[in-house]
Structure formats: structure tokens, C-alpha cells
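Tertiary structure, described
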Amino acid sequence: TKADYICVHVFVSCKPGTEEAFRTASLANARVSAKEPGIARFDVVQEKDDSSKFLLVEVYKNKDAPAEHKKTEHYNTWRESVADMMAEPRRAIKYDNVFPATAEGWDYDDTGDLE
């Protein structure tokens, strides 16, 4: 099936000393977000050379899914808990999916362990 997904990269810079707390909060959010029906992937990536930099890779299955995600309790808990950890406002860039071109190339396997 062709995947007409929306990919969002969220760039975050944390204040020094908050990296572990940000990582913990972001992982808690990602674990639940990955199970939302409108989300194909929800990755948390930390920069190798600067541990205060994170990238959240959010892949949504349709145009309504980002707004639905922002209505969830886990997203709002994350947003409130990390607000004071950010050195600057987070920045998001939206992309159109090109490859993998199918849903099977993006979606998590329901039987797989992610950790």
C-alpha cells in the first residue's frame, strides 16, 4: 500500500544538565505515541557529539494524525514536563514521505519489541 505519510522532524536543544530528564520524558511519550493508530513511527534520537541536542522523528499516517496526537494526555504531559528543559523553542520541519513508499516500510511490527 502506498504510504502518503507526513514526516515531522522536531529539533530540540536542552539546557545543560537536563539531558537525562528530557530523554526520560521523551521516551515515555514515544512509547505511548508509537501505539497511536495515526502514527507509523515515533523515534527519539540524541546527537552523538552534543548530548543536549535531540531529534524527534514523527511519522504520521494521515493529515489529521498530528492534531490528534496533540490532543493526547501523554503528549500534553510531555510538553509541560519538558518546557523548562529547552534552551530555545523547539523547531519542527514537515516533510512528505518519499521512501519507503509503502506502509509496510514504516509501520512498527505489532509483535516486535522496541527496546
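The structure under discussion appears in the preceding block.
First things first, this report covers the structure right here in the doc. Because the structure is a prediction, the values reported are computed rather than measured.

Section: helix 3 (residues 73–82)
Within helix 3, burial applies to His 74, Tyr 75, Trp 78 and Val 82. For helix 3, the angular spread of the buried residues around the axis is 100 degrees, confining them to a single face. Exposed residues lying more than 90 degrees from the buried face of helix 3 are Glu 73 and Glu 80. Buried residues belonging to helix 3 abut helix 1 (19–33), strand 3 (53–60) and helix 2 (65–70).

Looking at the nonpolar core
By size, the foremost hydrophobic cluster in this structure holds 19 residues, and its most contacted members are Val 12, Phe 22, Tyr 60, Trp 78, Val 82 and Met 86. Contributions of two or more residues to this core are made by strand 1 (6–13), helix 1, strand 2 (39–46), strand 3 and helix 3. It is strand 1 that contributes the most residues to this core, 4 residues altogether. In contact with Val 12, other than residues within four places in its own chain, are Phe 22, Ser 52, Lys 53, Phe 54, Met 86 and Arg 90. If you look at the next biggest cluster of nonpolar residues, it comprises 9 residues, including Ala 3, Tyr 5, Val 57 and Val 59.

A look at the packing of helix 1 against helix 3
At a minimum axis distance of 9 Å, the contact between helix 1 and helix 3 shows a crossing angle of 170 degrees. One way to sum up the angle between helix 1 and helix 3 is to call them roughly antiparallel. Mapping the contact onto sequence places Phe 22, Ala 25, Ser 26, Asn 29, Val 32 and Ser 33 in helix 1 and His 74, Tyr 75, Trp 78, Ser 81 and Val 82 in helix 3. The class makeup of the residues in the contact of helix 1 with helix 3 is 6 nonpolar, 5 polar and no charged.

Quick notes on the rules
- Residues numbered from 1 in each chain as written.
- Predicted model: local features only at pLDDT ≥ 70, side-chain atom pairs only at ≥ 80, totals over all residues.
- Heavy atoms only, no water.
- Buried < 20%, exposed > 50% of the residue type's maximum accessible area, 1.4 Å probe, protein only.
- Helix = DSSP H or I, 4+ residues; strand = E, 2+ residues; numbered from the N terminus.
- Arc of directions from axis to C-beta.
- Contact = heavy atoms within 4.5 Å.
- Core = buried A, V, L, I, M, F, W, Y, C linked by side-chain atoms within 4.5 Å.
- Axes fitted to C-alpha atoms, helices over the stretch in contact; angles between N-to-C directions.
- Parallel < 35°, antiparallel > 145°, perpendicular 65-115°, else oblique.
- Nonpolar A, V, L, I, M, F, W, Y, C, P; charged D, E, K, R; others polar.

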